[in-house]
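Given next are the chains, with one letter for each unit.
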Amino acid sequence: MPDAVPRGPGGTAPPRPSRRAVLVALAAVWGTAAAGCARIPVSSPVRQGGVVQADPEPGYRVDPVGPVPGATPVEVVRGFLAAGVGVDEEFQAARSFLSSSRRASWRPTARTVVHPAGTLSVDQQSDAGPDGAVVVAVGAPELAQVDPTGAYRPSAVGQRQDFTVRLLRERGEWRIDDTPDLLLLDEARFQQTFTQRPVMFVARPAADVLVPDPRWLLDRPATATALVEQVLAGPPEQLAAATSSGAPSGTELPDGSVSIAGGIATVDLPAGLQRQRPAQVRQLQQQLSATLLASGLGITQVVTSLDGGELTPVGALPLPAPPDSDAPLVLSQDRVCQLVGSQLVPVEGLPAVPGAASPAARGDTVVVLVGGRTALQRLGAAVLDGAAEAMPAPLPLGAELTPPSIDADGWTWTTPAASTGSVLAVSADGAAVQVAAAWLAGRRVLGVRVAEDGVRALVTSTGQPGQPDAVRVDVAGIARADDGTPQSLTAAQEPPTPWLSAVSGAVWVGTTGVAVLGTVAPGSAQAESAGQAGGDPATLGAPAVWLVDGGRVTYLGGPPREAEAVTIAGGSGRQSLVVGGADGRIWPREGSRWLPLAAQPAPAFDPVYPG
């Protein structure tokens, strides 16, 4: 990293316009491009809206059954675990396997453990003892744990869930008298029982866009109340400095405060919120409305009241989404090109840049790395108009710069790979600032890619081999000054991707999804799950694409090992994913397969979508 970082006049970056203003301006720019007036490599408008609707409520339910007469202890325990999908009547089917003394006190939602299908073991340890009790051992390798807030946390490699269940005879039948407060579900049952739902917060400091935090919550009516409680509880640690909530952290919701009838959700906020400023109450209304409308619970309208008095409806905040583009940028023969079908179309007005690498684009700005990845070259509007001589001088920033990412406020994020506890962001006028990220000190940074909301950054890094955090793909919160200047990056303390042994890159897919190009750790539960999903054990040691959404991992396969996949690009959905090989071949995702471009005219490298 250089000793001195270039800055604007007075040593600070100049004030930036609000994020909402930038979003509106960008929408206009992309609209102009669609009309054929701007020579920019993307022709689709930036998408935004009040909320992104979640998938509708699942169209089927599994109705579990209670114990059958004469069941053995092992059969009773297996039936009890299988009945964990029965959420509709507060797990009444599962409770029917419990003794009369344990039935009411069992708390199934205290913790959920997810394991690969076919890995559950249930074995009787002993015959009935002097007290008539039988002990059954239960065990499975862990994929993840889900806490009561809906946070999905992948488990460390080799972590297992092992416990014993004690059974007694009650009226001649075996019933469970002692068992942990948890649900133990394989992946299929987890998908039948839980749905990912975003909890909405608001970007700081401008409070002009929504920021989703994905949670996995049960499919039952009480979920609406749980979502409201999570809004009131405030953002998670990694977003605490980057977002805000209209309620003081930890505000408690009285019983019966949320009801749903005819698609209308009514939320009666506690009287203590009357002390909040009107602007905070309005923001809380916006959060609650966006959260419940996106919940997938069939809610079409949200009515909010405060201590019984109905509040005036407020306008919705936008939830920025990636541009809906199917034509990424690539570098080919020193030219920035757009990949249109199988054709490489040079971007009009941009000169060849010898040695260029890793393009990025937003609005009318295109940047590349030059000088062996030591400097940032900005290609502005003058260059796009054909005045190549007006191209500004490269900005030296350090060795092994990460692929640039341009956020909605116009800041370009690229930083030297060897981190000393900060990353670099460069303003639109070339002023570079150091953004504090103490948790990255001593790590090797592979990428910093900012989400469309400008609040969440996808940070890919590697550390000491053999440690749980050897490979991290973090969703970090960006704290900004009042003028929009980035100040710090905050990540969760727990390693988010302990199941990875190597990584090449990671990109946003949609508003909350992340696609990772990496190698799964041998012996991990994710490797077991990928094998069940069709992954060839012989190829799982090679880089593959993994979709991570709210922490949950889905194996998407990847090009063959000989493709030497090194880069990945993602946009608005899975089908936007593109992988780049070390030899310059491009591998788009076609259905569920990865196929090389047919008749690719020339080698192309570093595919990327806007942002």
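Quick caveat: nothing in here was measured; it's all calculated off a predicted structure.

Caption draft 1: Structural context of the sheet that holds strand β12 (residues 258-261). The four strands are arranged β12-β13-β14-β15 in an open sheet whose pairing can be described as mixed. Only two strands of the sheet have a single partner each, and these edge strands are β12 and β15 (309-310). With four bridges joining them, β12 and strand β13 (residues 264-269) adopt antiparallel strand pairing. Directly across from S259, in β13, lies its bridge partner T266. Where helix α6 (residues 278-293) meets the sheet, its contacts fall on β13 and β14 (301-306), and the angle it forms with β14 comes to roughly 145°.

Caption draft 2: Structural detail: the nonpolar core. Within the largest apolar cluster, 37 residues are counted, with the highest numbers of intra-cluster contacts made by V77, F80, L167, I176 and F190. Put simply, the parts of the chain that give this core at least two residues each are α2 (73-82), β1 (112-115), β3 (134-141), β4 (144-146), β6 (160-170), β7 (173-178), β8 (183-186) and β10 (210-218). No other element matches α2, which puts four residues into this core. Leaving out residues up to four positions away in the same chain, L167 has contacts with P73, V76, V77, G132, A133, V134, V136, W174, R175, I176 and D177.

Caption draft 3: Molecular detail of the packing of aromatic side chains. Tallying each qualifying case throughout the model produces eight aromatic pairs. Arranged with centres 4.9 Å apart and planes meeting at 55°, the rings of W546 and Y555 form a pair that is tilted. Note on W546: relative accessible area 1%, which makes it buried. The exposure class assigned to Y555 is buried, which follows from its relative accessible area of 19%.

Caption draft 4: Geometry of the sheet that holds β1. Judged by pairing direction, the sheet is mixed, and its four strands sit side by side in the order β5-β4-β1-β8 without closing on themselves. A single partner strand is all that each edge strand has here, and the edge strands are β5 (152-154) and β8. The mean angle between the axes of side-by-side strands here comes to 25°, regardless of whether they run parallel or antiparallel.

Caption draft 5: Quick look at the packing of helix α5 (residues 223-233) against α6. Close contact between α5 and α6 brings their axes to 10 Å; oriented N to C, the two are set at 145°. Between α5 and α6 the crossing geometry is right-handed. Here A224, L227, V228, V231 and L232 of α5 come into contact with α6, specifically with L284, Q287, L288, T291 and L292. Residue composition of the contact of α5 with α6, by class: eight nonpolar, two polar and no charged.

Reading the values: the criteria
- Residues numbered from 1 in each chain as written.
- Predicted model: local features only at pLDDT ≥ 70, side-chain atom pairs only at ≥ 80, totals over all residues.
- Heavy atoms only, no water.
- Pairing = 2+ DSSP bridges.
- Helix = DSSP H or I, 4+ residues; strand = E, 2+ residues; numbered from the N terminus.
- Contact = heavy atoms within 4.5 Å.
- Axes fitted to C-alpha atoms, helices over the stretch in contact; angles between N-to-C directions.
- Core = buried A, V, L, I, M, F, W, Y, C linked by side-chain atoms within 4.5 Å.
- Buried < 20%, exposed > 50% of the residue type's maximum accessible area, 1.4 Å probe, protein only.
- Phe/Tyr/Trp six-rings, centres within 6.5 Å; stacked < 30°, edge-to-face > 60°.
- Left-handed = near helix turned anticlockwise from the far one by under 90°.
- Nonpolar A, V, L, I, M, F, W, Y, C, P; charged D, E, K, R; others polar.

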